[in-house]
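# Breakdown of the fold
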Amino acid sequence: MAILACSMLLGGDMIQLKIHEMHRPVFRLIRFFWGREPILLLAFLAVVLGTWGFIELADEVLEGGTNAFDRWAVRSLRAADDLSRPIGPPWMAEVGRDLTALGGMAVLLLAIASTAGFLAINRVYRTMGFLLVSTLGGIAASLLMKHFFARPRPDLVPHLSLVYTSSFPSGHSMMAAVVYLTLAVLVVPVLRHFWVRFYVIAVAMAVTVLVGFSRVYMGVHYPTDVLAGWVAGLVWALLCWLISRSLKLRESHLAKPPALPPPEE
């Protein structure tokens, strides 16, 4: 009986050990977020929900469930008697081209280089390196996803901008979100005043939204392409921010001096 009881105890310990080994990544994740600021938990929740939303949206697009809405939205932005003419005054087409250029490769690379120079002047070299990796990596991820989904461009109306790649997700929308939001969340910790930080993030979000709307207005993207680009870019920017915060927290923890022993009486 004693041998049987010992074997049962040892078996239970082994099962608990295996369960602990299987859930170790989960325990590490919980330990990382436990006691952190609420903003970190909200950001992590946004990443999870955004990833789920992107997958669901992509599934609907591939199955054709959004075709009716997409086609209606694109046609509604053109004059009924002339599909080559967008709605609004004549100068709106030029405004659309100006706004869509803010999500173009040349402007984004210029923004990345300018921000990297700002961080280099402030001698924040690690942040500069992380910025370059995260933004350029996001641009590469956008191009890979467009190649993977390979959705054809809208063919209902004449395009008001030249296009070279597939439609889903919107590259301009995603890259604008990736670059401008990532630049904002990485530069904000360098800034001291709250309202300056708020202004930088608000401008990054406004530019991202305007770029996305301009792509539909130009007739080169469906609304679901733009929505997917926004979601993917936001998830990427939040992931970069969470990684940046975790690295800073780890550095601050390692930089703490060891505790001194209590004085002997």
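Residues numbered from 1 in each chain as written. Predicted model: local features only at pLDDT ≥ 70, side-chain atom pairs only at ≥ 80, totals over all residues. Heavy atoms only, no water.

Buried within helix α4 (residues 67-76) we find Asp70, Ala73 and Val74. Summarising the axial view, the buried residues of α4 lie within an arc of 95 degrees, below the 170-degree limit, and thus occupy one face. Exposed residues pointing more than 90 degrees away from the buried face of α4 are listed as Ala68 and Trp72. (Buried < 20%, exposed > 50% of the residue type's maximum accessible area, 1.4 Å probe, protein only. Helix = DSSP H or I, 4+ residues; strand = E, 2+ residues; numbered from the N terminus. Arc of directions from axis to C-beta.)

Counting 30 residues, the largest nonpolar core has Leu131, Val179 and Tyr180 as its most contacted members. Elements represented by at least two residues in this core include exactly α3 (38-63), α6 (105-121), α7 (125-149), α8 (171-187), α9 (194-217) and α10 (223-254). Within the second largest apolar cluster, eleven residues are counted, among which are Leu57, Ala58, Met174 and Val178. (Core = buried A, V, L, I, M, F, W, Y, C linked by side-chain atoms within 4.5 Å.)

Time to look at a nonpolar patch on the surface. Taken together, Met105, Leu109, Leu132, Leu136 and Leu143 make up a surface patch of nonpolar side chains, about 380 Å² in accessible area. Elements with a contribution of two residues or more to the nonpolar patch: α6 and α7. Of all the elements, α7 adds the most residues to the nonpolar patch, at three residues. Tracing the chain through its elements places leucine 132 in helix α7. Taking relative accessible area as the criterion, leucine 132 reaches 30% and is therefore assigned partly exposed. (Patch = residues over 30% accessible without salt bridge, like charges linked within 9 Å, V, L, I, M, F, W, Y side chains within 5 Å. Areas by Shrake-Rupley, 256 points an atom, 1.4 Å probe, with all protein chains shown as cover. Salt bridge = Lys/Arg side-chain N within 4 Å of Asp/Glu carboxyl O.)

Packing of helix α5 (residues 91-101) against α9 leaves a shortest axis separation of 8 Å and a crossing angle of 130 degrees. Overall, the two elements α5 and α9 adopt an arrangement that is oblique. Two packed elements cross with a definite hand, and for α5 against α9 that hand is left-handed. Judged by residue contacts, Met92, Ala93, Gly96, Leu99 and Thr100 of α5 engage Leu210, Val211, Ser214, Arg215 and Tyr217 from α9. Tallied by class, the residues present in the contact of α5 with α9 amount to six nonpolar, three polar and one charged. (Axes fitted to C-alpha atoms, helices over the stretch in contact; angles between N-to-C directions. Parallel < 35°, antiparallel > 145°, perpendicular 65-115°, else oblique. Left-handed = near helix turned anticlockwise from the far one by under 90°. Contact = heavy atoms within 4.5 Å. Nonpolar A, V, L, I, M, F, W, Y, C, P; charged D, E, K, R; others polar.)

In short, the description is geometric, and any link to function would need to be established separately.
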